[in-house]
Amino acid sequence: MKRIFKVICCGNVDDGKSTLLGRLLFETGSIKQDQLEEALASSIKTEETAQPDFAMFLDGLAMERTKKITVDVAHRYFTYNQIRFHVLDCPGHEEYTKNMATAAACADSALIVVDATRPIRAQTIRHIEICAMFRLKQVCICLTKYDLLADKSILKQKEEEIRNLLKDKDFSYTIFPISAVTGYNIPKVLSVLENFAEQSADTAEKNQAIIFHIQAMKQLDGKCYIYGKNLMNRPIDFAEGETFTIYPTHQELTVSAESASLPLGCIQPTESIDVNTGDCVANCPLLITNKFSHQTIFFEEPGNHLLLKHGTKVVRVVQLTDTQIQTDAPLFINNIEDIKENGFGILIDEITKKTIGCCVFTRNS
Amino acid sequence: MTPYLQQLEKEALEVIREICFSNRLSEIVVFYSIGKDSSVLLHLFKKAFFPFPIPVRFMHIDTGWKFKEMYAFRDKIAKQIDLIVYKNPACLNPYTDGPRYTDVMKTQALKQALEKYNFKIAFGGSRRDEEKSRSKERFVSVRDAENKWNPYNQNPEIPPLYNTFHTDKTSLRIFPLSNWTEVDIWEYIKHEKIEVVPIYFAHERHVVRNQSGLYIATENDTGEIKKVRFRTLGCYPLTGAVLSEAETIDDVINELKQTAYTERITRVIDYDTDFSMEKKKINGYF
């Protein structure tokens, strides 16, 4: 099986996100008998249909089922043509935008559902903006509820409206009508996702960048072990003799032969070096800065004492304006336009310790 | 290792290290249930800190009603790690005490143990694909002062940018295996040659059939001999067996790829009421 491909499903409340993902799970044989029976028992069935409410496969909280809305992201997995999909079902309700935004931040691509029978809603536009903010490259727009659309000629106009919304965005996208209830164009959704996953795997393979944020450094018998996480969403195979730059010191690190036998996320340099938690080891240029042009989504009203976490480093925010964040110590970042994975951080309230926002680092505009 | 399994391993190692390296080790514990997921979690802890020993303690919340094969396995593992065994002195009986049994012997016991040892951060091997309310869980999941989960207002999370902080009033539950499925667990056990309790494989055993499944025979009812295995392990009166010919890891993986049912079907406690797991988790269950 190839790498894992993460897809969010987003769009306005009631446009059919959970129903679409439920249908995809069902079509790919990912729903077991007991889950089906449970969903059937919770579904309101009409005389003509004996099929379950597909949304029941996703909406797993009591309140979600009684109110028929999604409150928080559901994570589900299925395999299709040897690709492991991790689907994240997002809430459409404005109140839960924070949960959609966090899902978008770590997704590879998006399914955006738009109800073909209704005018385009504010939350649809908001979700498109958030996908663009986190630089999702490929999106699939599904015009849902095709079966309920009396006048099919409306589709052309709807498509045009959406193309207009996407005009200034850097997406490669495809747009077509579906019906999750009847199954219309569901195979097409799967083949689009398969293409997205393959393109993304090709890009990932070509990308040799390693940005390794240090979690700890330990010494044993005169040898140095550096533990960390590579943000470039693939396991690292540190090759003997490879060299990296340490940020912020700009020292050079050479990978020892022993590193090959160490677990993932652990390297042993050829000679002892001075590094700290929060430093970064990379083979591509990073910016060392404590002033950031940013775009931030706040999950709640920010208090006066904020921390900014990026990679493995936590710093204090000393100034926050609409366009700029200044911190008390530098971070080792890239602008989101250049390297998405190293281009955003989270804001944490220093008192409550809650995550209250997510900021992307942007080029000076 | 296949790339996807390596991605899951990487994700788990990262969260384990990040939490442990950024908090006081004495306030961290790893819940160890003796099951397959716990075996994988233990293996990942060994890898995460290699070549150093695991720097945190493990804890088994015992009920006194586990399978004898589980106790034998636990005693063997206890020689490798710093393992605390905690049992609620109330000592309820699953046959006669009904739903109170799970609450007292598991949920309350867990809270008592956390308080006794002053643990603020507890790792567990739960996976999102196990159950519908778990599919909503975070890697780093916040609990309030009463150890309660609030599924309707969770802390936003963007892996791998984990918020590793807690306050005097909150504690954390950490789930490094969040994105693993049951098959992933077995594929990993196979690749890494991880030892698990032998009754995960098919063997002949006296079992009794009741309306919810096949259960191990008691003194009063010796039942009949069947070839079975256990997909999940817990307290034996509450854990159903499945008829199976799967004697090896490969057999188990093949069986799981074809099975019509999820693993939770063998657990009585998940099915006692609607949204039973959600309610238990809200009350502090893992």
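Owing to the predicted nature of the structure, the values given are computational and were not obtained by experimental measurement.

### Concerning the domain arrangement of chain B
Residue and element names in this part refer to chain B.
Then, in step 1: Taken domain by domain, chain B consists of domain 1 (3–182 + 274–282) and domain 2 (197–270).
Then, in step 2: Each of domain 1 and domain 2 was reduced to a C-alpha centroid, and the two centroids are 24 Å apart.
Then, in step 3: Counting residues at the interface gives 22 residues for domain 1, matched by 22 residues for domain 2.
Then, in step 4: Approximately 2,100 Å² of surface area, both sides summed, lies buried where domain 1 meets domain 2, with 60% of it carried by carbon and sulfur atoms.
Then, in step 5: Our count for the domain 1 to domain 2 interface comes out at four salt bridges.
Then, in step 6: The salt bridge involving E69 is made with R205; its shortest N-O contact spans 2.8 Å.
Then, in step 7: In this structure, the connection of domain 1 to domain 2 is made through seven residue pairs in polar contact (both at pLDDT 80 or more).
Then, in step 8: For the side of domain 1 that touches domain 2, the secondary structure elements donating two or more residues are α3 (68–77), α4 (100–117) and α7 (276–282).
Then, in step 9: Broken down by class, the residue content of the side of domain 1 that touches domain 2 amounts to nine nonpolar, four polar and nine charged.

### Brief notes about helix α7 (residues 186–206) of chain A
Then, in step 1: Between the first and last C-alpha of α7 of chain A there are 31 Å, a value that for 21 residues agrees with the 30 Å anticipated at 1.5 Å per step.
Then, in step 2: Those residues of α7 of chain A that sit buried are I186, V189, L190, V192, L193, E194, F196, A197, S200 and A201 of chain A.

### What to know about the side chain of E27 of chain B
Residues and elements named next belong to chain B.
Then, in step 1: Locating E27 in the fold gives a position in the loop between α1 (3–21) and β1 (28–31).
Then, in step 2: Classification of E27 by relative accessible area gives buried; the value is 7%.
Then, in step 3: Leave out the neighbours within four places in its chain, and E27 touches N118, F119, K120, I121 and H166.

### Describing unusual backbone geometry
Then, in step 1: With an omega of 0°, the peptide bond running from F50 of chain B to P51 of chain B counts as cis.
Then, in step 2: By secondary structure assignment, the location of P51 of chain B is in the loop between α2 (36–49) and β2 (57–62).
Then, in step 3: For the bond from P159 of chain B to P160 of chain B, the omega torsion is 0°, close enough to zero to count as cis.
Then, in step 4: Take P160 of chain B: it is sitting in the loop between β5 (140–143) and β6 (171–174).
Then, in step 5: Positive phi, close to 70°, is recorded for Q82 of chain A, a residue that is not glycine.
Then, in step 6: Topologically, Q82 of chain A is positioned in the loop between β2 (74–80) and β3 (83–89).
Then, in step 7: The class for Q82 of chain A is exposed, based on a relative accessible area of 52%.

### Notes on the sheet that holds β6 of chain B
Residue and element names in this part refer to chain B.
Then, in step 1: The six strands are arranged β3-β2-β1-β4-β6-β5 in an open sheet whose pairing can be described as mixed. For this open sheet the edge positions go to β3 (83–87) and β5, each flanked by a neighbour on one side alone. Averaged over neighbouring strand pairs, the angle between their axes works out to 30° when direction is ignored.
Then, in step 2: Each of β1, β2, β3, β4 (121–123) and β6 touches α4; the most contacted strand, β2, lies at about 145° to it.

### Looking at the domain arrangement of chain A
Residues and elements named next belong to chain A.
Then, in step 1: Splitting chain A by domain gives domain 1 (4–206), domain 2 (211–282) and domain 3 (287–362).
Then, in step 2: One C-alpha centre belongs to domain 1, the other to domain 3, and the line joining them spans 30 Å.
Then, in step 3: At the junction of the two partners, domain 1 supplies 11 residues and domain 3 supplies 10 residues.
Then, in step 4: Carbon and sulfur atoms supply 71% of the area buried between domain 1 and domain 3, which totals about 960 Å² over both sides.
Then, in step 5: Summed over the shared surface of domain 1 and domain 3, the number is one salt bridge.
Then, in step 6: The tally of links between domain 1 and domain 3 comes to two residue pairs in polar contact (both at pLDDT 80 or more).
Then, in step 7: Taken together, the elements giving at least two residues each to the side of domain 1 that touches domain 3 come down to α4 (97–105) and α5 (122–133).
Then, in step 8: The dominant element in the side of domain 1 that touches domain 3, judged by the number of residues it contributes, is α4, at four residues.

### A word on the environment of L25 of chain A
Then, in step 1: Inspection of the secondary structure puts L25 of chain A in helix α1 (residues 17–27).
Then, in step 2: Filtering out sequence-adjacent residues up to four positions away, L25 of chain A remains in contact with S30, I31, F57, L58, R76, Y77 and F78 of chain A.

### Some details on the packing of α1 of chain B against α2 of chain B
Residue and element names in this part refer to chain B.
Then, in step 1: Two elements in contact, α1 and α2, have axes whose closest approach is 9 Å; the angle formed by their N-to-C orientations is 70°. The angle between α1 and α2 falls in the class roughly perpendicular. Taken as a pair, α1 and α2 cross one another with a handedness that is right-handed. For the pair α1 and α2, the contacting residues are E9, A12, L13, I16, R17, C20 and F21 in the first and L41, L44, F45, K47, A48 and F49 in the second.
Then, in step 2: Of the residues contributing to the contact of α1 with α2, the split by class is 10 nonpolar, no polar and three charged.

### Brief notes about α5 of chain A
All names here are of chain A.
Then, in step 1: Taking 1.5 Å per residue as the helical rise, α5 with its 12 residues ought to reach 16 Å, and the 16 Å between its terminal C-alpha atoms agrees with that figure.
Then, in step 2: Turning to α5, its buried residues are Q123, T124, H127, I128, I130, C131, A132 and M133.
Then, in step 3: On its buried side, α5 packs onto β1 (4–11), α4, β4 (109–115), α6 (154–166), β13 (287–298) and β18 (355–362).

### Some thoughts on the sheet that holds β4 of chain A
Residues and elements named next belong to chain A.
Then, in step 1: Taken in spatial order, the six strands line up as β2-β3-β1-β4-β5-β6 in an open sheet, and their pairing is mixed. Pairing within the sheet leaves two strands with one partner each, and these edge strands are β2 and β6 (172–177). The average undirected angle you get between the axes of adjacent strands in this sheet is 20°.

### Focus on the nonpolar core
Residues and elements named next belong to chain B.
Then, in step 1: By size, the foremost hydrophobic cluster in this structure holds 61 residues, and its most contacted members are V40, L44, F45, F123, W180 and W186.
Then, in step 2: Looking at this core, the element that brings in the most residues is α1, giving nine residues.
Then, in step 3: Residue-level mapping places this core at the junction of two domains, with at least three residues from each of domain 1 (3–182 + 274–282) and domain 2 (197–270).
Then, in step 4: Dropping the residues within four chain positions of it, V40 is found in contact with L177, W180, I185, Y188, I189 and I194.

### A closer look at the pairing of strand β16 (residues 324–333) of chain A
Residue and element names in this part refer to chain A.
Then, in step 1: In the sheet, β13 pairs with β16 via six bridges, with the strands oriented antiparallel. If you follow L287 over to β16, its bridge partner there is I333.
Then, in step 2: The sheet contact formed by strand β15 (residues 313–320) and β16 spans three bridges and is antiparallel. Bridge assignment links Q319 to a residue of β16, and that residue is Q326.
Then, in step 3: Turn length for the β15-β16 hairpin, with the two strands adjacent in sequence and antiparallel, is three residues.

### A closer look at the interface of chain A and chain B
Then, in step 1: Across the contact, 70 residues belong to chain A and 59 residues belong to chain B.
Then, in step 2: Around 5,300 Å² of area is buried between chain A and chain B when both sides are counted, 61% of it from carbon and sulfur atoms.
Then, in step 3: Linking chain A with chain B are six salt bridges.
Then, in step 4: At the boundary of chain A with chain B, the tally comes to 34 residue pairs in polar contact (both at pLDDT 80 or more).
Then, in step 5: Taken together, the residues of the side of chain A that touches chain B sort by class into 30 nonpolar, 20 polar and 20 charged.

Definitions and cut-offs
Residues numbered from 1 in each chain as written. Chains lettered and ligands numbered in written order. Predicted model: local features only at pLDDT ≥ 70, side-chain atom pairs only at ≥ 80, totals over all residues. Heavy atoms only, no water. Domains from an automatic or database assignment. Contact = heavy atoms within 4.5 Å. Buried area = accessible area lost by both parts, 1.4 Å probe. Salt bridge = Lys/Arg side-chain N within 4 Å of Asp/Glu carboxyl O. Polar contact = N/O pair within 3.5 Å; in protein donor to acceptor, adjacent residues only side chain to side chain. Helix = DSSP H or I, 4+ residues; strand = E, 2+ residues; numbered from the N terminus. Nonpolar A, V, L, I, M, F, W, Y, C, P; charged D, E, K, R; others polar. Expected span 1.5 Å × (residues − 1). Buried < 20%, exposed > 50% of the residue type's maximum accessible area, 1.4 Å probe, protein only. Pairing = 2+ DSSP bridges. Axes fitted to C-alpha atoms, helices over the stretch in contact; angles between N-to-C directions. Parallel < 35°, antiparallel > 145°, perpendicular 65-115°, else oblique. Left-handed = near helix turned anticlockwise from the far one by under 90°. Core = buried A, V, L, I, M, F, W, Y, C linked by side-chain atoms within 4.5 Å.

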